[in-house]
Amino acid sequence: MPFQLPSTWPAPGDPDAAVRLAERFAALGAAAARAASRPAFAAMLAAIGGNSPFLADLALRESRALRLLARFGPDVLAEAALARLAALPPDLPRTRLATSLRAAKRQVALATALADIGGIWPLERVTGTLSALAEAALAASVAHLLREAHARDGLRLPDPARPEPGCGFVVLGMGKLGARELNFSSDVDLFLLYDPAPHSYHADALRQLFARLARDLVSLMEARDADGYVFRTDLRLRPDPSATPPAIALPAALTYYEGMGQNWERAAMIKARPVAGDLALGARFLDAIRPFVWRRHLDFAAIADIDAMKRRMEAHKGTAVAPGADPVTRVLGHNVKLGEGGIREIEFLAQTLQLVWGGRDPGLRDPTTRGALRLMVRAGRLPAAAETALAAAYDRLRQIEHRLQMVADRQTHTLPATAAELARFATFMGAASAEDFARDLLGTLAAVREHWRALFEHVPALDGAASPLDLGGPGEPPPATLAAIRALGFPRTAPVVAAARSWLAGRPRALRSERAQVLLGELLPAILAALGRQPQPEAAFARFDAFLSRLPAGVQLLSLFQRNPALLARVVSVLGAAPSLADHLAHVPAALEGLLAPEDEGTALATELRDARLLEEALEIIRRFVRGGQFRASVAEMEGRLDPDAAAAARTGLADATIRALLPRVLSDFSTRNGRVRGGGMAVVALGKAGGREMMEGSDLDLMLVYDHPEEVAESTGARRVPASQYFIRAAHAFVAALTAPGLEGPLFAVDMRLRPSGNKGPVAVSLGAFCRYHAESAWTWERMALTRARVVAGPRPLAARVSAAIAQALARPADPARIRADAVAMRARLARELPPSGPWDVKHRAGGLIEVEFIAQALQLVHAPADPSLCHANTRAALAALARGGALAEPDAALLIHADRIWRGMQGMLRLTVGRQLAETPPAAAMPALARAACLAPDGVDVVSLRATLEALAAEVRRLFVRHLGDPETSA
């Protein structure tokens, strides 16, 4: 479609100036007069002339460009100007280069201003075009200066005709240039970097050469003459700008960020982007400092740093909205960038959320403000309503910023200081009046500040303690403090006072820094209040004390508690009711991060692993992922938010994700040293609780590794050829070693491979052919029972399908039903002798316990699968339900066994969470509500006697069904 100018433009704030521009433009010639006579063009001229002296002068100087814009649109004008810059040869004389740069700047400025004022382009296109202009101008200037340095100083260049690639000098765009968000009259923030490696100069000479190049680049951008200027530049975002040259050597920059970089510099680097010169060097540098910018742990302490920086800016600039009832008076002189509710608050909010979460999730890394906010919503880190409000505010404030700068091409963000001037500016903004403009702006600023406070100004609730507790000085604290501690639930105050004083004095390693002690002092009343609400406050307090004493560092955790009071409450509930989880938390503090992750984090591991190049890196990420996920599932189960089935599925999902992520990485790493077996592959089969998706707290991984390869391929392709069978056995050992490799917090999983063919006597990996032969000829009944829970978790799809088919075939092999039942009963009797129950709460090994439910399901599958393979399911509940549907098990029997399976697994898991593996004769009172829930009883009012009676009755019913369907273990030989 042919371009048409908008018919509606802002009215002129100064009608006389609008008339003068129309007259002067018409006097430029017949073509200009014809253009000025058209209504839409005349309205555009009036909007320019009556509101912006700068644009009025630009319209006269670039009258032909303005007529082209009216005919073809701003896109054509801007693209033509950028194309001319891209075509400039590096050997162009300096004066001609400067003239070309300034001409392009005028034309792009005219195009973007009118596209913005007329509503032709959205904000992203306006800022993107201005950024493209800066990038093109910098690229042309750097190419010219490099070639000049080559001719003048002998600077080594791979290709003087095209000097940028491989030159060892790069311009990084920072801030709004890096994010492609430049405003109309913006500085360009630059970081100039050079690599000494490609050059043979002495270090001092090279430093001087690139310092001169940097000064010349700034001069090209900033120098003003009758043609104007290109861009103001700012080099202060480089390391230690007051003491370093304008261009930094790569080794010095890397050393700085590895050892001295601060959080505000991390935030700045989020937007860094190579824009001119050796772009590959820039990419390498940004990749090298990625661990500095994107930290793996959840860095809530960064919030305090960014907030402190913002407060210092506010104290220096005085940025609050003026008080009062009159909207116009309140906004006079307000800074829409740095002021309260301004652009900077939106940018800081987006950057801070990225610093906190982006290290764990590379998918959240977006240099643009709007893009970062959208990603945070998608990841569940920001409410959708907040993103909608902040995005609308950002667009509106950037529009105001642009109009302010268009008036006189000044880098200003401050509204007019008088009511008359504000009224004229409101007209330029298209508002009906200054009052309407001011009211709309105040609403926008208030919305931004509301969301800013939600992140930066949260004060933890003290829950009963109105002020920090006075624990200072020797001797007994004031009576009011002791009374407050007793009121919070601690009748014995002395242990609490002694421990709290120890914390505040910095005796635990985690609390030695002044900042950690300040944070703890602020949080102490909330911590004590939460601990005091536990069923056994003193025991919970002692566990919290132990938890603090084992922490390696405290600022991160305390910042986490400060920003997430609900997290503090959840952690304290764990300390109060689940000693085993409390011990785990004390040894693995990083597990806390799991409570902040979404419950449906199924794809998060693949996301986190995007940045991992080495197997060791991947293992560290996987360990943290698994620890956090396991802790999250356990806490949710203890709290009753996940039932045993959902918790088991969550834990099994973690194991599956780990295996699927680790297997290809281990095999790839293994192949770099040992080559490959052409056409071969290996699959991982989960058995036991992992196979049935029934993993609970502390479950081992029962695994079997199956490999296959073409018959004609006998050995690997590595430098040292290895027989195929040996190759896969070694690869399997490498995989198991990775799963069980001890990190600082222990191994990922305990792996049990005794369920593979021939058990511990057989090879650690079995060929598919050997697996099929074994189960056709040699497998014991108990091995076939174990195979009912087999599930292929990872491996090439064709191989996985063949292994699954082989498992199904093995299960469907006919066998004497009486023999299957007798073998199952004999195995149960043997387990009763060799692994008797450890007490009345051993719900797995007791008569009528979990083992007997599983044996019934497994043995009946073997009995009936030859006639109906669809009865086989790796999950016990699903298998029992299928047996009932197929008529192999009466519906009431299946219902009782499914109920028992759920209760036994729930009880076993909850006992592990609240008591640990050493089952006590009587569980602690704090554990009773959780144990009652696991037994499908009301959590209130259940005592130990009634709970045991319920379990005894259930066990008797299960034993009765075991005897009916399989036989009596008591009479088995």
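Shown above is the structure to which this text applies.
Residues numbered from 1 in each chain as written. Predicted model: local features only at pLDDT ≥ 70, side-chain atom pairs only at ≥ 80, totals over all residues. Heavy atoms only, no water.

Asker: What is the right way to read the overall build of the protein from this model?
Answerer: Within the protein, the secondary structure is distributed over 42 helices and ten strands. The principal-axis extent of the C-alpha atoms belonging to the protein is close to 115 × 85 × 60 Å. Within the protein, the proportion of its 973 residues that are buried is 55%. Sequence separation of 24 or more characterises 73% of the internal contacts of the protein that already satisfy a separation of 6 or more. Looking at the protein as shown, the accessible area adds up to about 39400 Å², and 55% of this sits on carbon and sulfur atoms. The protein carries 114 positive and 102 negative side-chain charges, and their two centres are separated by 3 Å. (Helix = DSSP H or I, 4+ residues; strand = E, 2+ residues; numbered from the N terminus. Buried < 20%, exposed > 50% of the residue type's maximum accessible area, 1.4 Å probe, protein only. Contact = heavy atoms within 4.5 Å. Areas by Shrake-Rupley, 256 points an atom, 1.4 Å probe, with all protein chains shown as cover. Lys, Arg positive; Asp, Glu negative; His and termini not counted. Charge placed at Lys NZ, Arg CZ, Asp CG, Glu CD.)

Asker: Just checking my understanding: could you explain the pairing of strand β6 (residues 681-687) for this structure?
Answerer: Regular strands show a simple pattern: their side chains alternate between the two faces of the sheet. Burial within β6 is extensive, with seven of its seven residues counted as buried. Residues of β6 alternate between two faces, with G681, A683, V685 and L687 on one and M682, V684 and A686 on the opposite face, all of them buried. Here β6 pairs with strand β7 (residues 701-708) via seven bridges, running antiparallel. Across the sheet, V684 pairs through a bridge with L705, a residue of β7. Across three bridges, the pairing between β6 and strand β10 (residues 791-794) is antiparallel. Bridge pairing links V684 to A794 in β10. (Pairing = 2+ DSSP bridges.)

Asker: In this structure, what is going on with a nonpolar patch on the surface? I would like to understand it.
Answerer: A cluster of nonpolar side chains, namely L68, F72 and V76, defines an oily patch on the protein surface of about 230 Å² accessible area. Structurally, the position occupied by V76 is in helix α6 (residues 74-86). (Patch = residues over 30% accessible without salt bridge, like charges linked within 9 Å, V, L, I, M, F, W, Y side chains within 5 Å. Salt bridge = Lys/Arg side-chain N within 4 Å of Asp/Glu carboxyl O.)

Asker: Please explain unusual backbone geometry as it appears in this structure.
Answerer: What is expected of a backbone is that most residues other than glycine have negative phi and most peptide bonds are trans. Here the phi dihedral of R180 falls at roughly 60 degrees; this positive angle occurs in a residue that is not glycine. Along the chain, R180 turns up in the loop between α9 (175-178) and β2 (188-194). Residue class for R180 comes out partly exposed when judged on its relative accessible area of 46%. Located in the positive-phi region is D409, a residue other than glycine, with phi close to 50 degrees. By the element assignment, D409 lies in the loop between α19 (384-408) and α20 (419-428).

Asker: Teacher, can you tell me more about the packing of helix α5 (residues 63-72) against helix α7 (residues 94-117) here?
Answerer: Each packed pair of helices is defined by two parameters, the angle between the axes and the distance between the axes. Contact geometry for α5 and α7: axes closest at 10 Å, N-to-C directions at 40 degrees. For the element pair α5 / α7, the angle class is oblique. Crossing handedness for the pair α5 and α7: right-handed. On the side of α5, the interface is formed by A65, L66 and L69, while α7 contributes Q107, L110, A111 and L114. When grouped by side-chain class, the residues that make up the contact of α5 with α7 number six nonpolar, one polar and no charged. (Axes fitted to C-alpha atoms, helices over the stretch in contact; angles between N-to-C directions. Parallel < 35°, antiparallel > 145°, perpendicular 65-115°, else oblique. Left-handed = near helix turned anticlockwise from the far one by under 90°. Nonpolar A, V, L, I, M, F, W, Y, C, P; charged D, E, K, R; others polar.)

Asker: Help me out: how do you make sense of the packing of aromatic side chains in this one?
Answerer: Note on aromatic pairs: each is described by the distance of the centres and the angle between the planes. The final tally for this structure, using the stated rule, is 17 aromatic pairs. A centroid spacing of 6.2 Å and a plane angle of 75 degrees characterise the contact between F54 and F184, whose relative ring orientation is edge-to-face. Linking F54 in helix α4 (residues 53-61) with F184 in the loop between α9 and β2, this pair joins segments that are 130 residues apart in sequence. With relative accessibility at 22%, the residue F54 sits in the partly exposed group. What makes F184 buried here is its relative accessible area of 4%. Geometrically, the ring pair formed by Y707 and F728 is stacked, given 4.8 Å between the ring centres and 15 degrees between the ring planes. Of this pair, Y707 sits in strand β7 while F728 sits in helix α33 (residues 724-740), and the two are 21 residues apart along the sequence. Grouping residues by exposure puts Y707 and F728 together as buried. (Phe/Tyr/Trp six-rings, centres within 6.5 Å; stacked < 30°, edge-to-face > 60°.)

Asker: So what exactly am I meant to see when it comes to the side chain of E852 here?
Answerer: Inspection of the secondary structure puts E852 in helix α38 (residues 850-864). Among the residues examined, E852 registers a relative accessible area of 0% and is labelled buried. Of note is the side chain of E852, whose polar atom sits 2.5 Å from the side chain of R959. Once residues within four sequence positions are removed from consideration, E852 is found in contact with R828, R846, A847, V958, R959 and F962. (Polar contact = N/O pair within 3.5 Å; in protein donor to acceptor, adjacent residues only side chain to side chain.)

Asker: I'm lost on the pairing of β7 in this one. Help?
Answerer: β7 sits mainly inside the fold: seven of its eight residues count as buried. As defined by bridge partners, β7 adjoins strand β8 (residues 751-752) across two bridges and the pair is classed as parallel. Along β8, the bridge assignment pairs D702 with D752. Note: β7 against strand β9 (residues 765-767), three bridges, orientation parallel. Its bridge partner being in β9, L705 is matched across the sheet by A765.

Asker: Where do I start with the pattern of salt bridges in this structure?
Answerer: Enumeration over the complete set of coordinates arrives at 46 salt bridges. Its salt-bridge partner being D645, residue R877 comes within 3.4 Å of it at the nearest N-O pair. In this pair, R877 is assigned in helix α39 (residues 876-885) and D645 in helix α31 (residues 644-674), connecting sequence segments 232 residues apart. When salt bridges with common partners are traced through the structure, they connect R94, E148, R152, D153 and D216 into a single cluster.

Asker: Quick question: what am I supposed to make of the nonpolar core here?
Answerer: One recurring pattern in soluble globular proteins is that nonpolar side chains are buried together. In terms of nonpolar packing, the biggest core is built from 121 residues, with F169, V171 and L415 touching the most fellow members. Top element by residues in this core is helix α8 (residues 123-153). It accounts for 13 residues. Contacts of V171, omitting those with residues within four sequence positions, involve L138, V142, L190, F191, L192, L217, R273, P274, V275 and A276. The next biggest cluster of nonpolar side chains, apart from the first, holds 111 residues, and it includes A516, L524, L528 and L557. (Core = buried A, V, L, I, M, F, W, Y, C linked by side-chain atoms within 4.5 Å.)

Asker: Honestly, helix α18 (residues 369-378) in this entry has me stumped. Any pointers?
Answerer: Owing to its 3.6 residues per turn, the α-helix aligns residues three or four sequence positions apart on the same side. Judged by how many residues are buried, α18 sits mostly within the fold: seven of ten residues are covered. Taken together, the buried positions of α18 are T369, R370, G371, A372, L373, L375 and M376. The N-cap of α18, judged by a side-chain oxygen 3.0 Å from the amide nitrogen of G371 a few residues on, is T368. One or two positions beyond α18, positive phi appears at G380, with a value near 80 degrees.

Asker: Teacher, can you tell me more about the environment of G521 here?
Answerer: Looking at the secondary structure, you find G521 in helix α24 (residues 514-532). Placed 301 residues apart in sequence, G521 and L220 show a C-alpha to C-alpha distance of 54 Å.

Asker: Looking at this structure, I do not really get the side chain of S634. What am I missing?
Answerer: Looking at the secondary structure, you find S634 in helix α30 (residues 615-639). There is a polar contact of 3.2 Å between the side chain of S634 and the side chain of R651. Polar side-chain contacts of S634 include one of 2.8 Å to the side chain of E697. Setting aside residues up to four positions removed in sequence, S634 forms contacts with L581, R651, E697 and L913.

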